[in-house]
Amino acid sequence: GGGGGLSLSWRDGRFSDWSVQVGDKTYNLHAFLLARSSSFFEKHMSLATSREAEGGPLARRCSDLTEVLPRSCHTAFEDALDFVYSENQAAFEVHPSKALLLLKLSDILQIEGLATTMSRHINTAFAETAPLLLEQYCKFHIPGTDDGQALGEIRAGAVELIIAKFQPFLAAKEMKEALLRLPASMLVEILMSDTLLVANEDVVYDFVAARLSNPDRGSEGEEEESCSESVMNAADKASQAAEEAAMLLWPCVRWQHLSAGKFAQAVSPGKRLMNDQLTLNALLERTKRLDLGGMEALSYLTGPSSSIMTDQGHSVLSLPRQAAVLPPGVPPPTSTEIDFCFHYPSVMHFQSGEPLRSQPKRIGDAVLGILVFPAGTNTGVARGSLSIFLEAIPQAHWHSDWEFASIKYAISCIRWPTSSNESWSVKKKNDVWTFKVNRHDRGWHDFLEPSEVKKFIGPDGFICVRGSLEQECLSRCFLQCSQTQNSSFSGSNSEPAACSTAQRRSGVWMPSSTPPPPVPAATTTATTTTTTSSVPKSNEDANPLCGRRGPVSALCGCRPAQSTGHPGA
């Protein structure tokens, strides 16, 4: 500031009497304003003045901060000058991507006012900007050094919050980019957590693949090199860093809980996302879920020579199971229930007709899953409707005329409590359906209307769906003449009877290498009696309970609604 209407600025250099060097930039500044705001500059200037008073050589009126400030803080120095020269420092604002850099800079240069302001900004926006804060911390932190209690607490709090809200942060573009720029070693600490908030392991796989697709992410830019040899050395270093990042990050994916499609994509020979050692470890981890004579059958492959150890010291081939993403108090799914939890930032994140599928689950011979259309199906329902179906997933060893007759099922959408005095609740619909060839799925195109959806979104943006079969129809979940010893399910006896597909450690049905003999076609017929807890609707709803594929009377095998017991009639 200044008097008589004169306002000093660091940008034009008028009346400057002190210069500051930061890297290759020189700033012509004003000693009084610097000394008033910064104890560092005040001491530096006092030292220079005392030497002149003692008859020494005329001191150079300059401060070189190139080696004083971390390189990552160099770009934030101009923001610090904006604060120093501001006439209303209480109203000073800065983008969250520089807040922690300025806090570090203010600690080094002892700018107390800036430190107080940045601390207030960080605390206010911490819950929304944790990835940006952690990215800044990683830029100036030198491994093995102590940055002080305040910065250490910010770092620990940011890691804890990112783990607790990982997938919601991925839904925000700026936060996702900040996470992708984190060093691989920091990401390992986050991704290896058993409490990482994700709907399923596919989310972790996609994140790691995106992180490794750009080798420049997670590394600071190097100084420009002039000679070709130095450029080649830099390229070699970048290649080595990318390989090291891959070796650290791929083991964070818990391969045995990845969906079949993602796993096939990862190990596809044409993709080559991983080197041979990583691919072998992924296959071993997946294989350990099969019944091959007990875990000792693979013990010779999972010793120190073939296991990849994390920084925490445990093998990635024996990672524990993670808790499900469910509202408080909701019991875990039973052996006849299938959970599907997915992140729902807003309806604008999805296209009409865009499907999401749960991990499959075997109940008897039937392999079932939840099929959700977060923005509704392309069948005339209002955009934003939540369409939910239970689908049978055909297996290669099933007979061409496979059928599971008169299956009584229910679909529930679980509602989070809105206060501590409220408990969870559900919206539940029931039906009876015969799952067979060309009639794979059954459910509701308008399970939730657009106005209802927001009531079922949890505090972190998740929606939880549960499908279930009635006990009375379990005997009909077996194909005729199927034999126990020919069952294609090879799950380990140590696995729990039911696993939520909302878990990162959810159970995955795996086909055996040798399919059982063909099964004769089932001869049972489907009942037309259907029950539901939903209010019956008019025929104008285009039979909302029909199978999702094609016209009502074409592929799904439904007769016109008025001649059936469909709740949509």
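Described in the following lines is the structure provided in the data block.

Rules behind the numbers
- Residues numbered from 1 in each chain as written.
- Predicted model: local features only at pLDDT ≥ 70, side-chain atom pairs only at ≥ 80, totals over all residues.
- Heavy atoms only, no water.
- Helix = DSSP H or I, 4+ residues; strand = E, 2+ residues; numbered from the N terminus.
- Buried < 20%, exposed > 50% of the residue type's maximum accessible area, 1.4 Å probe, protein only.
- Contact = heavy atoms within 4.5 Å.
- Areas by Shrake-Rupley, 256 points an atom, 1.4 Å probe, with all protein chains shown as cover.
- Expected span 1.5 Å × (residues − 1).
- Core = buried A, V, L, I, M, F, W, Y, C linked by side-chain atoms within 4.5 Å.
- Pairing = 2+ DSSP bridges.
- Axes fitted to C-alpha atoms, helices over the stretch in contact; angles between N-to-C directions.
- Salt bridge = Lys/Arg side-chain N within 4 Å of Asp/Glu carboxyl O.
- Parallel < 35°, antiparallel > 145°, perpendicular 65-115°, else oblique.
- Left-handed = near helix turned anticlockwise from the far one by under 90°.
- Nonpolar A, V, L, I, M, F, W, Y, C, P; charged D, E, K, R; others polar.

## Quick word on the overall build of the chain
Next up, step 1: Of regular secondary structure, the chain possesses 14 helices and 12 strands.
Next up, step 2: A total of 569 residues make up the chain; the buried ones form 47% of that total.
Next up, step 3: For the chain, long-range pairs separated by at least 24 residues make up 72% of all intrachain contacts whose partners lie at least 6 apart in sequence.
Next up, step 4: Total accessible area computed for the chain in this model is approximately 27200 Å², and 53% of it derives from carbon and sulfur atoms.

## As for helix H4 (residues 96–109)
Next up, step 1: Its 14 residues give H4 an end-to-end C-alpha distance of 20 Å, which sits within 8% of 20 Å, the value for a rise of 1.5 Å per residue.
Next up, step 2: Three or more residues of H4 are buried, namely Ala99, Leu100, Leu101, Leu102, Leu103, Lys104, Leu105, Ser106 and Leu109.
Next up, step 3: Once H4 ends, the next one or two residues include Gln110, with phi positive near 55 degrees.

## Notes on the nonpolar core
Next up, step 1: By size, the foremost hydrophobic cluster in this structure holds 86 residues, and its most contacted members are Phe77, Phe166, Ile190, Leu191 and Trp255.
Next up, step 2: For Ile190, the contacting residues outside a window of four places in its chain are Leu134, Val159, Ile162, Ile163, Phe166, Leu182 and Leu196.
Next up, step 3: Core analysis: the next-biggest nonpolar cluster, separate from the first, contains 36 residues, Val372, Trp398, Trp402 and Cys473 among them.

## With respect to the environment of Met45
Next up, step 1: Mapped onto the secondary structure, Met45 falls in helix H2 (residues 39–53).
Next up, step 2: Sequence separation between Met45 and Phe32 is 13 residues, and the spatial gap between their C-alpha atoms is 9.8 Å.

## Description of the sheet that holds strand E4 (residues 337–343)
Next up, step 1: As summarised here, the arrangement of the 4 strands in space is E4-E12-E9-E10, forming an open sheet in which the pairing is antiparallel. The open sheet has two edge strands with one neighbour each: E4 and strand E10 (425–436). Across the sheet, the mean angle from the axis of one strand to that of its neighbour is 20 degrees, orientation sign disregarded.
Next up, step 2: Sheet topology places E4 next to strand E12 (residues 462–469); 7 bridges connect them, and they run antiparallel. Looking at E12, one finds that His343 is bridged to Phe462.

## Details of the pattern of salt bridges
Should their charged atoms come close, side chains of opposite charge can pair.
Next up, step 1: All chains considered together, the criterion is met by 17 salt bridges.
Next up, step 2: A salt bridge links Lys25 to Glu78; the shortest N-O distance between them is 3.5 Å. In this pair, Lys25 is assigned in strand E2 (residues 25–29) and Glu78 in helix H3 (residues 77–85), connecting sequence segments 53 residues apart.
Next up, step 3: Under the relative-accessibility criterion, Lys25 is labelled partly exposed at 43%.
Next up, step 4: Notably, a salt bridge pairs Asp431 with Arg442, separated by 3.0 Å at the nearest N-O pair. Placement of Asp431 in strand E10 and of Arg442 in strand E11 (residues 441–448) is noted, with a sequence separation of 11 residues between them. Comparing Asp431 with Arg442 shows no difference in burial state: the two are buried.

## Points about the sheet that holds strand E1 (residues 18–22)
Next up, step 1: Across the sheet, which stays open at both edges, the 3 strands sit in the order E2-E1-E3 with mixed pairing between neighbours. Looking along the sheet, the strands with just one partner apiece sit at the ends: E2 and strand E3 (62–64). Within the sheet, the average angular offset between the axes of one strand and its neighbour, ignoring direction, is 20 degrees.
Next up, step 2: Direction of pairing for E1 relative to E2: antiparallel, over a ladder of 5 bridges. Bridging from a neighbouring strand, Val20 pairs with Tyr27 of E2.
Next up, step 3: Its contacts with the sheet put H3 on E1 and E2, and the angle it makes with E2 is roughly 5 degrees.

## Considering the packing of helix H10 (residues 201–213) against helix H12 (residues 260–267)
How two helices sit against one another is set out by the angle between their axes and by the gap between those axes.
Next up, step 1: Between H10 and H12, the shortest axis-to-axis distance is 10 Å and the interhelical angle comes to 25 degrees. Classified by the angle between their axes, H10 and H12 sit roughly parallel to one another. You can see that H10 and H12 cross each other, and the crossing is left-handed. Residues Asp202, Tyr205 and Asp206 of H10 form the contact with H12, whose participating residues are Lys262, Gln265 and Ala266.
Next up, step 2: When grouped by side-chain class, the residues that make up the contact of H10 with H12 number 2 nonpolar, 1 polar and 3 charged.

Just distances and angles here, no functional claims.
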